[in-house]
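So you can see what is in the structure, the chains are spelled out below.
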Amino acid sequence: MLPEITGVARIDLRDGDGAVVASIPNEPGKQGSVAVYQYLAQQGGVLDAQVAAIGLALFAEHVPDAQARPGAHPNVDRLLAIAYGAPPLHLAIVAA
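**Student:** Sorry, what's going on with the sheet that holds strand β2 (residues 20-25) here?
**Tutor:** Two modes of strand pairing occur in sheets, parallel and antiparallel, and in both the strands are linked by backbone hydrogen bonds. Ordered in space as β2-β1-β4-β3, the four strands form an open sheet in which the pairing is antiparallel. Because the sheet does not close on itself, it has two edges, and the strands there are β2 and β3 (46-47). When strand β1 (residues 8-14) meets strand β4 (residues 89-95), the two strands line up antiparallel, connected through six bridges. Bridging across to β4, R10 finds its partner in V94.

Encoded structure:
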């Protein structure tokens, strides 16, 4: 079961230099992604290939559509990229 997302304003994704490269706001249409990425952040805070594979398993029903329509599911696209060798990102939960 995924953790509750009440109290989460957003999830920030940072590159190796600490720059925010993406944010997932806790708003309608993004709350599933916030829950998954919060869970991934709780696995150690680094989104690497191993953690991305966990995220892809959680997003299972969206993965085929993301692969068929790049850009339609950017939060799944990011996991796919990292699973296939893109640099890891650091995940930060930003409290509301």
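Structure's up, so let's keep going.
**Student:** Explanation requested: the layout of surface pockets in the structure shown.
**Tutor:** By rolling a water-sized probe across the atoms, one finds the places where empty space is left. In this structure, the largest pocket spans a volume of roughly 170 Å³. Forming the walls of the largest pocket are G29, K30, Q31, G32, S33, F59, H62, A72, H73, P74, N75 and V76. When contributions to the lining of the largest pocket are tallied by element, the ones reaching two or more residues are α1 (31-41) and α4 (74-83). Grouping the constituent residues of the lining of the largest pocket by class yields four nonpolar, seven polar and one charged.

**Student:** Please clarify how the pattern of salt bridges should be interpreted in this entry.
**Tutor:** Where charged atoms from two side chains of opposite charge approach closely, those side chains can pair. The full count for this structure, using the stated rule, is two salt bridges. Of the charged contacts in the structure, one is a salt bridge between R10 and D12, with a shortest N-O distance of 2.8 Å. A salt bridge links D65 to R69; the shortest N-O distance between them is 2.8 Å. For D65, a relative accessible area of 28% gives the class partly exposed.

**Student:** Looking at this structure, how should I read the pairing of β2?
**Tutor:** Working note: regular strand, side chains alternate between the two faces of the sheet. Bridging between β1 and β2 involves five bridges; their strand directions are antiparallel. By the bridge assignment for β2, R10 is matched with P25. As consecutive antiparallel partners, β1 and β2 are separated by five residues, and within that stretch G18 has a phi angle of approximately 90 degrees, a positive value.

Rules used throughout
- Residues numbered from 1 in each chain as written.
- Predicted model: local features only at pLDDT ≥ 70, side-chain atom pairs only at ≥ 80, totals over all residues.
- Heavy atoms only, no water.
- Pairing = 2+ DSSP bridges.
- Helix = DSSP H or I, 4+ residues; strand = E, 2+ residues; numbered from the N terminus.
- 1 Å grid on protein atoms, 1.4 Å probe; cavity = no way out; pocket = protein on both sides within 12 Å on 5 of 7 lines; lining within 4 Å.
- Points joined across faces, edges and corners; volume = space filled by probe spheres on them.
- Nonpolar A, V, L, I, M, F, W, Y, C, P; charged D, E, K, R; others polar.
- Salt bridge = Lys/Arg side-chain N within 4 Å of Asp/Glu carboxyl O.
- Buried < 20%, exposed > 50% of the residue type's maximum accessible area, 1.4 Å probe, protein only.

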